[in-house]
Every structure is written in structure tokens, then in C-alpha cells.
Amino acid sequence: MTQWLVLAHRNVLRNGRRSLLLGGTIAIGTLALLLFAAYIAASLDGLRESTIRGGLGHAQVSALPPADGYVEQQLQYGLDGAERSRIETLLAKMDGVRRVAPRLQFSGLVSNGPRTLTFEAQGVDPVRELQAFGTFQLLAQGAPLRAGDEGRYQVLVGREMARRLGVRPGQSLTLMTTTVQGSVNAMDVEVAGLLATGIPERDLYALQIPIETAQELLRTRKISHLSVLYQDTAIADAQSAAIAQAIGGKVRLQRWQELAPLYPQVMALFRNQFIVFGAIIGLIVFLGVAAMTLATIYERGKEIGTLRAMGIPQAMVRRLFMFEGLLQGAFGALAGGTAAWLATLAINAAAIELAPPPGRNVGVPLHLLWLFQPSLVIVLVLPLLAMAAAWLTSRRIGRMPVKAILTSN
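My aim in this report is to walk through the structure given alongside it, one point at a time.

Rules used throughout
Residues numbered from 1 in each chain as written. Predicted model: local features only at pLDDT ≥ 70, side-chain atom pairs only at ≥ 80, totals over all residues. Heavy atoms only, no water. Helix = DSSP H or I, 4+ residues; strand = E, 2+ residues; numbered from the N terminus. Buried < 20%, exposed > 50% of the residue type's maximum accessible area, 1.4 Å probe, protein only. Contact = heavy atoms within 4.5 Å. Areas by Shrake-Rupley, 256 points an atom, 1.4 Å probe, with all protein chains shown as cover. Axes fitted to C-alpha atoms, helices over the stretch in contact; angles between N-to-C directions. Parallel < 35°, antiparallel > 145°, perpendicular 65-115°, else oblique. Left-handed = near helix turned anticlockwise from the far one by under 90°. Nonpolar A, V, L, I, M, F, W, Y, C, P; charged D, E, K, R; others polar. Expected span 1.5 Å × (residues − 1). Polar contact = N/O pair within 3.5 Å; in protein donor to acceptor, adjacent residues only side chain to side chain. Core = buried A, V, L, I, M, F, W, Y, C linked by side-chain atoms within 4.5 Å. Salt bridge = Lys/Arg side-chain N within 4 Å of Asp/Glu carboxyl O. Phe/Tyr/Trp six-rings, centres within 6.5 Å; stacked < 30°, edge-to-face > 60°.

## Quick look at the overall build of the protein chain
Argument step 1. For the protein chain, the count of helices and strands is 14 helices and 12 strands.
Argument step 2. Of all 409 residues assigned to the protein chain, the portion counted as buried reaches 43%.
Argument step 3. Of the contacts made within the protein chain by residues no fewer than 6 positions apart, 78% connect residues no fewer than 24 positions apart.
Argument step 4. Summed over its atoms, the accessible surface of the protein chain is roughly 21100 Å², and 60% of this surface lies on carbon and sulfur atoms.

## With respect to the packing of helix H12 (residues 314-350) against helix H13 (residues 372-393)
Argument step 1. Where H12 meets H13, the axes come as close as 7 Å, and the angle between the chain directions of the two elements is 150 degrees. The pairing of H12 with H13 is recorded here as roughly antiparallel in orientation. Where H12 crosses over H13, the two elements pack in a sense that is right-handed. Each of Ala315, Arg318, Arg319, Phe321, Met322, Gly325, Leu326, Gly329, Ala330, Ala333 and Leu334 in H12 lies in contact with H13, whose residues at this interface are Val379, Pro383, Ala386, Met387, Ala390, Trp391 and Leu392.
Argument step 2. Split by residue class, the contact of H12 with H13 holds 14 nonpolar, two polar and two charged.

## So, H12
Every α-helix carries 3.6 residues per turn, so stepping three or four residues along brings you back to the same face.
Argument step 1. Here H12 contains 37 residues, and its C-alpha end-to-end distance of 53 Å stays within 8% of the 54 Å for a straight helix at 1.5 Å per residue.
Argument step 2. Positive backbone phi, at 55 degrees, marks Ala351, one or two positions downstream of H12.

## Quick word on the side chain of Ser375
Argument step 1. Summarising the element assignment, Ser375 is placed in helix H13.
Argument step 2. Classification of Ser375 as buried rests on a relative accessible area of 9%.
Argument step 3. At 2.6 Å, the side chain of Ser375 and the backbone oxygen of Leu371 are in polar contact.
Argument step 4. Setting aside anything within four residues of it in sequence, one finds Ser375 in contact with Leu34 and Trp370.

## With respect to the nonpolar core
Argument step 1. Membership of the largest hydrophobic core comes to 43 residues, with the highest contact counts inside it found for Phe106, Val157, Leu175, Leu207 and Ile243.
Argument step 2. Take this core: its biggest share by element is five residues, from strand E2 (residues 97-111).
Argument step 3. Apart from residues no more than four positions distant in its own chain, Leu207 is found in contact with Phe119, Glu120, Ala121, Gln122, Val155, Leu156, Val157, Met161 and Leu175.
Argument step 4. With 18 residues, the next largest nonpolar core counts Leu34, Ala290, Met292 and Ile378 among its residues.

## Some remarks on the pattern of salt bridges
Argument step 1. Tallied over the full model, the rule gives 13 salt bridges.
Argument step 2. Its salt-bridge partner being Arg53, residue Glu49 comes within 2.7 Å of it at the nearest N-O pair. One end of the pair is Glu49 and the other is Arg53, both in helix H2 (residues 16-56) and four residues apart, which spans about a single turn. For the pair shown, Glu49 and Arg53 are each scored as buried.
Argument step 3. The network of salt bridges with common partners includes Asp45, Arg48, Glu49 and Arg53.

## Some words on the pairing of strand E5 (residues 154-158)
Argument step 1. In terms of residue burial, E5 counts as a mostly covered element, since five of its five residues are buried.
Argument step 2. Of the two faces of E5, both are covered, the one formed by Gln154, Leu156 and Gly158 as well as the one formed by Val155 and Val157.

## A closer look at the packing of aromatic side chains
The way to describe two aromatic rings as a pair is by their centre distance and the angle between their planes.
Argument step 1. Counted by the stated rule, this structure contains four aromatic pairs.
Argument step 2. When the centroid spacing of 6.4 Å and the interplanar angle of 10 degrees are considered together, the rings of Phe36 and Phe274 count as stacked. Linking Phe36 in helix H2 with Phe274 in helix H10 (residues 262-299), this pair joins segments that are 238 residues apart in sequence.
Argument step 3. Given the relative accessible area of 27%, Phe274 is considered partly exposed.
Argument step 4. Ring pairing ties together the aromatic residues Phe36, Phe274 and Phe277, which thus form one cluster.

Now the structure itself:
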């Protein structure tokens, strides 16, 4: 086996130009496949983390809804104060839980006098919200909500909502909604800042208000749910299972995958794209190696005939070509893998920003995520594919008459 590998290596070096061309083809295919895989990994990782840390959390704990999902009044099935305290105390004792942020969701009308718009509000604890999700909450203008009496009647509104209402930080708005008893209540608030989520449709309806102020407006002590943030996303499923078992059956826990159904769809789309792209690259490598091996067989006909005349079996001669394909594939894959790793470092350091995707008005930074195990699989599979192409193509050797080869000019 070793002597055949040495001989194959010498043949690869002897035909340097051809080997360089074939190795370059494999290297380019490896480079393209690795960079595409790194782009997909970074896109999925960014989408997952922005979804979780943009306010959703790794899980949400809420009261059990009715079987048909019908709710007659706002917060009809919210968490009351006693249940909220019990769950927060339980979560505080559990390892792996990083932050717990209460949320109160409601809707209503917001007006500056001449104009009125609808809103989808979130009542939040300013301190906990900043600790849990402050990194992903961007303000176009103004300042975040302040805790205590100082920020009691302040709100954050979406940038598009502020533009349509013609308001700036420091100006006043009137909020109107129905209470949990079904009556109408209104409240004057001051705009503290403008939210910029990057999605114009969301910025048109988004509004944040201190949770105590929201409860005063709705005349209740309930909340909608508790958003739970874990230490590590990798343990999210196991952590959610442990919490669901600990809190009991009177409340429900929803994982972030259930709350963000778009993520599995995007993941399936990227997976299908990678399969198609990988199949195309694999086909290019296979056909390139097959064509080069076929040309080599015809050019080295006398060498093949001499080996056959010396009594060397056809299978062993084919093995020589198979090893040559393996070595060329290995050299090309290693070169492509090294180039892809260096390109990943260079692209991440360049801080390139892509154009905003559909539905957003903020550019997306181009970032590549290098994953060791998938990259290693790609680098190992392509040489094996080159070896298979060389083995299948070398079947031509069996149809070459030895006497005709040796006597030909």
C-alpha cells in the first residue's frame, strides 16, 4: 500500500501542470463551499440570537389560556401577583437562568391631538429590560426608560410612529385603551426616546412603557408573561424542560422555537440551499477529476501497457490512479480550506455591511462563522469524491488491449 502511495505521489509531481489545474479546481470548490457554509452558519446564529435577545427570551412563562384561545378582555388569563412571585422565586434558585423580565402586552390608541394611531405596547421593568435585552434595543433618539417615579410616565415609541405623529423626545402623547374590566381609560405620557428595530412595520406600532404605568392604565396587577433568559443557548432545551417540570401544570412554558415559527422555516430554507450548492460543487469536482483522469489514461497508455505486461493486475493499476485522485483531492481540499479560513478572518475584520434585506431599513453586517466539524467533513469528503471519480473513470484500463498499446506509436 505504501509503495503505491509513493508512486502515486511521484506521478502527481511529474505531471505538475495537470495536477495544479485539477488541485486548483478542487481548492476553489472547497473554498466556495466552506465560505457558503460559514455564511449560512453566521446567518442562522445571528437570527437565533437576535430573536432570543431582542426581547423574546429563551422561554416565556404564562398562565394557561383557554382551550379555544378566545379571550374576552385584556389580561383575562394573565399571571397574578402571587403566581408571579412564586415563579420568580423558583427561577432565581435555578442554575442556568440568567435573567427574568416581566412583560405586560396590550393594545390601544395613541394620539398627539390631531392624529391617532393604533399601538402594540409592552409594559416592561426598565432595569430588568436593560439588563436582559439592552444590547439589542437600539434607540434612534432620546434615552431609555428610567426606573422609579422619575420615569413613571415616560414611553418609548417606534421611529415610524413618531414620524407619523410628528413627535420628538420630550413631547407628550395620550394613550387610550380598555381596562381589564372593559371600561375605557386614558393617560398622558412623555416620549423619552424613539425605538429603531430596523423593521418599519414594527416601528409603526411599537411602544414601551414601565410595567407599573401599564398596570395603572389597565387597572390591574397582572402581567402577560415572564421572559426567561438562560446563560447559554446550547442548553436551552434541557433548561426549559427542567423549568417546565419545576413550575407545575398551573402555568405553561413556551420555548423560543414555539414563539418564533419563522426560524425553523428559515433554517430549512438555508439547509436546502446548502444541499443544492454542495451537490453542484461535488458534481464539478467529480467531473473535473473524471475528465482529467481519462486524459491521463490515454497519455500514459504505454506506461499502463508495460505495467499490465509485467503481470500487474488491472485492479492494482486502477488503484494507482485512485491514489493519484485522492492525493490531488487532498492537496486541493487542504489548500481551499486554508484559503477559506484566512478569507473568513479577513471578511470579519473588514466589517462589511450588506444592503438591508426585504422588510428592513437597516443594513446587515457581513459576518462568517467558522464551524470546525462541518468544515472538517467538507475537507474530508471532497478528496474521497475525487478518489471515487478516478476509480470509476479508470475502468477504461480494462478495455485497453495490452499488445495494441505497446505496439502503437
